[in-house]
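Topology and contacts: notes
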Amino acid sequence: KHCKEGRVVAYSCIFFGEHRPSGGYLDLAECFFQNLDFYFAQAARLDQAGGYMYEYLMADLIQNRCPPGDQRLLDRLRYIDLPLEASFFLVNLEPEGREDMPTSYICNLIRMSCPGIRPFLLEHTIFILLASQAARPERAQVESLLDALRLPLRSFSYQCFVSSGFRCLTGLYDAAIQ
């Protein structure tokens, strides 16, 4: 049983055949568990780095117009596993009373309560980039998103804006202006 911060993250079991390790089973098991713990720690670090890179990339694309063939952009997208072309739409959540609203707290709250949603923060505005199966966002998809956000945002007042659908991620600049 492998735990991280009090949560069980994995179970493992080792079965041996005819080969008997010279150092004993406990030494081999301890080495295995250390390597497994190292793997989980590395995966968590890479996940966190990818999350930071995602936020910076989205903020950069919203603030600056970028050509679709930019190699630097393609490399950054490959690292965070995000396609350049798909059917996207941008959701903009603007909290009312921006000055005293804890937007970073709200962003983290959304991230923790809705694992499939990757919000990012730009100044005092929360953005959510969603991929759509249709060329344009459908009302049902937006309502589904708002239902998922209702619980974590129940204590806050905000306005929600949804952009028109766009096919290339470089259209994020124009979607944010809408």
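Here's what I pulled together on the structure shown here. Every value quoted in this text rests on a predicted model; they were computed, and no experiment measured them.

Listed as buried for helix H3 (residues 103-113) are Thr-103, Ile-106, Cys-107, Leu-109 and Ile-110. Within H3, the buried residues cover an arc of 160° as seen down the axis, which keeps them to one side.

The full count for this structure, using the stated rule, is four aromatic pairs. A centroid spacing of 5.7 Å and a plane angle of 20° characterise the contact between Phe-120 and Phe-127, whose relative ring orientation is stacked. For the pair shown, Phe-120 and Phe-127 are each scored as buried. Through pairs of rings, three or more aromatic residues link up here, namely Tyr-54, Phe-120 and Phe-127. Above the face of the Tyr-54 ring, Arg-118 is positioned so that its terminal group lies 3.8 Å from the ring centre.

Definitions and limits used
Residues numbered from 1 in each chain as written. Predicted model: local features only at pLDDT ≥ 70, side-chain atom pairs only at ≥ 80, totals over all residues. Heavy atoms only, no water. Buried < 20%, exposed > 50% of the residue type's maximum accessible area, 1.4 Å probe, protein only. Helix = DSSP H or I, 4+ residues; strand = E, 2+ residues; numbered from the N terminus. Arc of directions from axis to C-beta. Phe/Tyr/Trp six-rings, centres within 6.5 Å; stacked < 30°, edge-to-face > 60°. Lys NZ or Arg CZ within 6 Å of the ring centre and 35° of its normal.

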